[in-house]
Amino acid sequence: MEYIVLLQRGWQIITRHKVLWLFGLIAVLAGQDAVFNLRGATRIQPLPEAIVNLPLSVANALRSIFASDSPPVSAGVMLIAGLGLLAIGAAASAALIGLTQAAERGEWVDVRSGVRIGLKRAKTLVAIRLIFNLPFTILSFLISVVLVRLIAGRPLGYLPMLQALEQSGWLTWLLLLGLIVGAIVGAIELGADRACVLEGAGVLESIRRGWEVPRKFPTKYIVITGIFIASTLLTALIIFCPLSLILTEQVSQLVQNASPNIDFTSVLLREPLGIVIGLALLALYILLTTYVSIIWTLAWRRYA
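Described in the following lines is the structure provided in the data block.

**Quick notes on the overall build of the chain**
Consideration 1: Across its full length, the chain carries 15 helices and 0 strands.
Consideration 2: Evaluated residue by residue, the chain yields a buried proportion of 44% over its 304 residues.
Consideration 3: Sequence separation of 24 or more characterises 79% of the internal contacts of the chain that already satisfy a separation of 6 or more.
Consideration 4: Only carbon and sulfur atoms are counted for the fraction: they give 69% of the accessible area of the chain, which is about 15900 Å².

See the structure below:
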């Protein structure tokens, strides 16, 4: 019953305070995950991208715009762009968290308040995110330096590296490892963000508090996460099943050509109908990201 009350209260807040959607849009465009950190289970990132968790669509766009034969130049471009998006996403997340608390207290909720909260806590949140990116950075480093040399006998570029890992059978195990690490990191990061914004905690204290809550209330974390994952999968089925019947040929080609690092954004934008579908999915993802942030903030206020 308490979870139903939590979900109902979250829905009341998101429908009454549309300004939260704006910060949800900014968070999504900056590459924030909706449910929790699943990136380790969906793709293997090159080292510079792993450090800042650069979104795949942005990374591909930068590769095409700033094509360079110099690895240091390419790495520098990825790091600068990634840090910028990381800061924007952190500020938007801070605004969502802070405005949710304001709405729960019955205080005024507006864009100016959200920007003020975001700018105030963005620096600390960026530091927290960079720390939480360390496991994926280490994983990327081990892949590029150790495993690939054992498999191929020489350093490889990004795409040849993926092919070598896939052919050797290592890729599936690495993605599974990424899923496990991502779930643990995501659980701690959810709490760390809220300790930072709601309690004004510093970097290390936020991380400590972030670990404290899921450790004390593991069942609640699992239940709420399970609700979100089940809802996301159900929504995806409702949307994609009719689309797959309408676009049978296109879906078949997409599945046949799919790879672990496929960029679905670029695939959708190739066709006019895909643009319409992409915009609809973007709107849905904005709603989901905003709602998920609200629920986790309400849960933190109740259980922390």
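After presenting the structure, the write-up continues.
**Thoughts on helix α10 (residues 170–199)**
Consideration 1: With 30 residues, α10 should reach 44 Å at 1.5 Å per residue; the first-to-last C-alpha distance of 42 Å fits that figure.
Consideration 2: Of the residues flanking the end of α10, it is G200, one or two places downstream, whose phi is positive at about 65 degrees.

**Re the side chain of S93**
Consideration 1: If you trace the backbone, S93 turns up in helix α6 (residues 71–105).
Consideration 2: When near neighbours in sequence (up to four residues on either side) are disregarded, S93 contacts Q32 and R129.

**Concerning the side chain of T100**
Consideration 1: Along the chain, the position of T100 falls in helix α6.
Consideration 2: A distance of 2.7 Å separates the side chain of T100 from the backbone oxygen of L96, its partner in a polar contact.
Consideration 3: Leaving out residues up to four positions away in the same chain, T100 has contacts with I13, L20, I294, T297 and L298.

**A word on the packing of aromatic side chains**
Consideration 1: All told, the structure shown has 1 aromatic pair when counted by the stated rule.
Consideration 2: Where W11 meets Y291, the ring centres are 6.0 Å apart and the plane angle is 80 degrees; that geometry is what we call edge-to-face. Highlighted residues: W11 in helix α1 (residues 2–16) and Y291 in helix α15 (residues 272–303), separated in sequence by 280 residues.
Consideration 3: The buried category is assigned to Y291, whose relative accessible area is 15%.

**Some words on the nonpolar core**
Consideration 1: In this structure, L125, I128, F132, V197, I224, F228 and W296 are the most contacted members of the largest nonpolar core, which totals 47 residues.
Consideration 2: Elements that contribute at least two residues to this core include exactly α1, α2 (19–29), α6, α7 (111–132), α10, α11 (203–216), α12 (218–246) and α15.
Consideration 3: Core analysis: the second largest hydrophobic core is formed by 7 residues, L54, A59, L62 and L85 among them.

**Concerning the packing of α7 against α10**
Consideration 1: Axis separation between α7 and α10 bottoms out at 10 Å; the angle between their running directions is 155 degrees. One element, α7, and the other, α10, form an angle in the roughly antiparallel class. As α7 packs across α10, the resulting crossing turns out to be right-handed. Counting all contacts with α7, which are made through I117, R121, T124, L125, I128, R129 and F132, the residues of α10 involved are V185, I188, E189, A192, D193, C196 and V197.
Consideration 2: Within the contact of α7 with α10, the residues separate by chemical class into 9 nonpolar, 1 polar and 4 charged.

What counts and how
- Residues numbered from 1 in each chain as written.
- Predicted model: local features only at pLDDT ≥ 70, side-chain atom pairs only at ≥ 80, totals over all residues.
- Heavy atoms only, no water.
- Helix = DSSP H or I, 4+ residues; strand = E, 2+ residues; numbered from the N terminus.
- Buried < 20%, exposed > 50% of the residue type's maximum accessible area, 1.4 Å probe, protein only.
- Contact = heavy atoms within 4.5 Å.
- Areas by Shrake-Rupley, 256 points an atom, 1.4 Å probe, with all protein chains shown as cover.
- Expected span 1.5 Å × (residues − 1).
- Polar contact = N/O pair within 3.5 Å; in protein donor to acceptor, adjacent residues only side chain to side chain.
- Phe/Tyr/Trp six-rings, centres within 6.5 Å; stacked < 30°, edge-to-face > 60°.
- Core = buried A, V, L, I, M, F, W, Y, C linked by side-chain atoms within 4.5 Å.
- Axes fitted to C-alpha atoms, helices over the stretch in contact; angles between N-to-C directions.
- Parallel < 35°, antiparallel > 145°, perpendicular 65-115°, else oblique.
- Left-handed = near helix turned anticlockwise from the far one by under 90°.
- Nonpolar A, V, L, I, M, F, W, Y, C, P; charged D, E, K, R; others polar.

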